[in-house]
Amino acid sequence: MKKKIIIDTDCGVDDSLALLCALNSDKLEILCITTVFGNVSVRQAAHNTSYILRMTEREDIPILIGQAKPIVQPLRYPPDFIHGKYGLGTIRSEYTGKNVLTTSAVEYLIQTIRNSDDKITIITIGPLTNIGLALQLAPDIQDNIEEIIVMGGAYQANGNVSPAAEANIYGDAIAAEIVFRSDCLTTMVGLDVTTKVVMDKDYLSVLNNHKLYGNFIKSITGTYYDFHVNCFDIHGITPHDLVTVLYSIDKSLFTTIQGRIYVSADGRMMGQTYVDRRTDIVPGTEWDNRIKSNICTEVNVENLLSEFKNILFQ
Ligand code: BDR
Ligand code: CA
């Protein structure tokens, strides 16, 4: 049986690669895609997702527009120097398919999860505002969630928006804390693993020759590639969100440990994902006895990259 999933995205460059992977995988059934602010505005994220679903001829999948800003903290300026002004490198999409529904993403998430006969896996590849709000408004849906797989955070690695914080967690630290303190099984696919995966020029040139998606991939990855060269001196791209979708497809590519994740919601450490690995908990402190998350610490890069190629070129 295919794994039933919902993807929550701020559809930029690596989100697009993640969507292409999920849409082409025979292991996943996408029930809907919800959008959130982050790399671009929440509406632009819906345009971009819409563009991808038209290109892949999958306009049967509903798109729901979610939250335009974090639950409490102010909205940050979108990182256009990373993903391009409209999130897809040089492409400007204004397309809105009929499958972009008018129901709010949070409401749709609640109803879809509540009414599903099977447990649902949620893959978040943007800030966690939509899913955080859904859990807050309807805690009963936790029983019908198989796992929440989060692209975000860092265990031993440094952050990418600050030394302490990764962008998706920093984007809405309070929402992330709601998710990690919930009773759902959560998995953190953070910078410890996602930055180890680099698609170099040779690898990208293979993707750029894909019959259906080659031109698209070429157009979206240019700005993102330049950002990696200029900021990190890496001649390649790190496809964070794609790595996260591949976790949902093949967990054997990863090594994980278990720990309780706490998110700092203010100050210098805002957005930090602190991992508590203690076995004994002292009762009565704010370090409550929340359930342990899976934390990805290692990834088999070679196998992961070849798995993505196989999925795309099958
Ligand atoms: C995350 O932040 C976004 O810019 C990317 O799409 C990814 O989801 C990486 O920190
Ligand atoms: Ca993203």
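What this report covers is the structure whose coordinates are included nearby. (Residues numbered from 1 in each chain as written. Chains lettered and ligands numbered in written order. Predicted model: local features only at pLDDT ≥ 70, side-chain atom pairs only at ≥ 80, totals over all residues.)

### Looking at the overall build of the chain
Put simply, the test is: Numbering goes from the N terminus for both helices and strands, where a helix is a DSSP run of H or I of at least four residues and a strand is a run of E of at least two. The globule rule used for comparison is 2.2 Å times the number of residues to the exponent 0.38, while the radius of gyration itself is calculated over C-alpha atoms. Buried means a residue has 20 or more other C-beta atoms within 10 Å of its own C-beta, exposed means 12 or fewer, and partly exposed covers the counts in between; C-beta atoms are placed from the backbone. We call two residues in contact whenever the C-beta atoms placed from their backbones are within 7 Å.
Per the secondary structure count, the chain includes 12 helices and 12 strands. For 314 residues, the compact-globule estimate of 2.2 N^0.38 gives 20 Å, and the chain sits close to it at 18 Å. Expressed as lengths along the three principal axes of its C-alpha atoms, the size of the chain is roughly 60 × 45 × 40 Å. Classification of the 314 residues of the chain by burial places 50% in the buried group. Counting only contacts in the chain whose residues sit at least 6 apart along the sequence, the fraction spanning at least 24 positions is 83%.

### As for helix 11 (residues 240–249)
The element helix 11 is largely enclosed, with a buried count of nine among its 10 residues. Turning to helix 11, its buried residues are H240, D241, L242, V243, T244, V245, L246, Y247 and S248.

### Re the site of ligand 1
We apply this condition: Using a C-beta atom placed from the backbone for every residue, we mark a residue as near a molecule or strand if that atom lies within 6 Å of it. Side-chain classes follow a simple rule in which Ala, Val, Leu, Ile, Met, Phe, Trp, Tyr, Cys and Pro form the nonpolar group, Asp, Glu, Lys and Arg form the charged group, and the remainder, Gly included, forms the polar group.
Near ligand 1 there are 13 residues, and of these G12, D14, A167, H240 and D241 occur at the shortest range. Secondary-structure elements contributing two or more residues to the shell around ligand 1 are helix 1 (13–24), helix 6 (167–171) and helix 11. When the residues that make up the shell around ligand 1 are grouped by side-chain class, the tally is three nonpolar, six polar and four charged.

### Some words on the nonpolar core
For the record, the criterion: Any nonpolar core is a set of buried residues, restricted to Ala, Val, Leu, Ile, Met, Phe, Trp, Tyr and Cys, that join up through C-beta atoms within 7 Å.
C21, A22 and V179 are the most contacted members of the largest nonpolar core, which has 94 residues in total. With eight residues, the single largest contributor to this core is helix 1. The residues touching C21, leaving out its near neighbours within four places in the chain, are L242, V245, L246, F308 and I311.

### Brief notes about the environment of S162
Counting through the fold element by element, S162 comes out in the loop between strand 6 (145–151) and helix 6. Exposure remark for S162: the 15 C-beta atoms within 10 Å place this residue in the partly exposed category. Non-local contacts of S162, meaning those with residues more than four positions away in its chain, are made with Y170 and G271.

### Description of the pairing of strand 5 (residues 120–124)
Test applied: Two strands make a pair as long as DSSP finds a minimum of two bridges between them.
Most of strand 5 sits out of view: five of its five residues are buried. Residues I120, I122 and T124 of strand 5 are buried on one face, and the alternating residues T121 and I123, pointing to the opposite face, are buried as well. Relative to strand 5, strand 1 (residues 3–9) is paired through four bridges, and the arrangement is parallel. Following the sheet pairing, I6 is matched in strand 5 by I122. Bridge count between strand 5 and strand 6: five bridges; the pairing is parallel. Within strand 6, the position partnered with T121 by the bridge is E147.

So, to be careful, I would describe these as geometric facts and stop short of saying anything about function.
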